[in-house]
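# Summary of the model geometry
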Amino acid sequence: MLIRRPDDIPSSEITPESLYQNRRQFMGTAGALALGTVLSPAALEAMARTGGAQEDKVTPEEDATSYNNFYEFGTDKEEPKVQARGFVTTPWTVQVEGLVKKPRPYSYDELVGKLAVQDRTYRMRCVEAWSMVIPWRGVMLRDVINRVEPLPSAKFVEFTTLFDPKRMPGQRSAVLPWPYKEALRMDEAMHPLALLATGMYGKSVLPNQNGAPLRLVTPWKYGFKGVKSIVKIRFTDRMPNTTWNDANPSEYGFYANVNPTVDHPRWSQAKERRIGEFLKRNTLMFNGYADQVASLYSGMDLRRNY
């Protein structure tokens, strides 16, 4: 069974994992990609179809909630589930500021309440070359943005994670410049795939270790773009700094688009290992979402804008 367009695939329709046993896995190829060139949307869409016969099954919930990158609660994959166990996320306030008509603190319900809840099953690809398939629940980011009414001059939107070393013990170390920040261009943020996740696996509340109570999900980008436990949303006319780009600009760019032809300086991005599987599979351009998002980057050099 192939993953269909993500805007019409509720988590309830995913084929049970047991039905995938003993099936073939088809591996695509990215060998024909032209390295270092400016790629047209048509070419990028063709890349997404390369290897498109790979099977996708939902990652078991236990794996997705036990194997996490959330450095605020520790750098080992198993630490966040333990360290975040007592993390209290109610009440929760998000400060909206910058180039916006309605700048002020918003409660969780004011920001996302009464918006249409979406069930979206997306691939998630980490820059560390592992991946998952996760059924998220949340609201479209563009619906939240429209609610606060950004000004026409706003070109980017920045997200900031809570900074509270007493509650987030990982912030007591200098492993990253805290607080964690990420950002999108406005056209990326307004894209219908972009989600503010509030739950997962059919549940209305996110586990703490997965970014409760609000987490950004942009499935065509590497997982480090998915800023968690968001407490600030700022609209600006200038490209904001982002945490991993600040920490190591030679390895982590602003865009973070999944691109199998652009390797991390310390490891290849051409293949990935799906959590729960032994064999690696080919990584797809834009994580398999090129049909939907390639037009956002028309004319850009995707080796320079990584």
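Our subject is the structure that appears above.
Quick summary incoming for the structure in this document. Going along each chain's sequence as written, the residues are numbered from 1 onward. Restriction of local features to residues with pLDDT of at least 70 applies here, the model being predicted, together with a cutoff of 80 or more for giving and counting side-chain atom pairs; totals for whole chains, interfaces and linings are based on all residues. Based on all heavy atoms of the structure, the side-chain values leave hydrogens and waters out of the count.

So, about the packing of aromatic side chains. Only centres within 6.5 Å qualify two rings of Phe, Tyr or Trp (six-membered ring in Trp) as a pair; their planes then separate them into stacked at under 30 degrees, edge-to-face at over 60, and tilted for everything else. Throughout the structure, instances matching the rule amount to 12 aromatic pairs. Aromatic side chains Y67 and W130 sit 5.0 Å apart centroid to centroid with 85° between the ring planes, which places their arrangement in the edge-to-face category. Here Y67, found in the loop between helix 2 (61-64) and helix 3 (79-83), pairs with W130, found in strand 4 (residues 130-140); they are 63 residues apart in sequence, far enough to count as distant. For every residue, the accessible area (1.4 Å probe, protein chains only) is compared with the maximum for its type, and the residue is labelled buried under 20%, exposed over 50%, or partly exposed between those bounds. Judged by relative accessible area, Y67 falls into the partly exposed class, the value being 26%. With 5.3 Å between their ring centres and 70° between their planes, F73 and F87 make a pair best called edge-to-face. Remark: F87 occurs in the loop between helix 3 and strand 1 (93-98) and F73 occurs in the loop between helix 2 and helix 3; sequence separation between them is 14 residues. Take F73 and F87: they sit in the same class, and that class is buried. Secondary structure elements follow DSSP: runs of H or I no shorter than four residues count as helices, runs of E no shorter than two count as strands, and numbering proceeds from the N terminus.

Before going further, it helps to spend a moment on the environment of K77. Within the secondary structure layout, K77 lies in the loop between helix 2 and helix 3. When its relative accessible area of 14% is taken as the criterion, K77 is described as buried. Residues K77 and T65, 12 residues apart in the sequence, show an inter-C-alpha distance of 10.0 Å. Two residues form a contact once any of their heavy atoms are found within 4.5 Å. Residues within four places of K77 in sequence aside, it is in contact with S66, Y67, N68, N69, E128 and W130. Within polar-contact distance, the side chain of K77 engages the side chain of N69 at 3.1 Å. Each polar contact in these results corresponds to two N or O atoms within 3.5 Å; when the atoms are within protein, one needs to be able to donate a hydrogen and the other to accept it, and residues that are neighboring in sequence are counted only if both atoms are side-chain atoms.

Nothing here speaks to function; it is all geometry.
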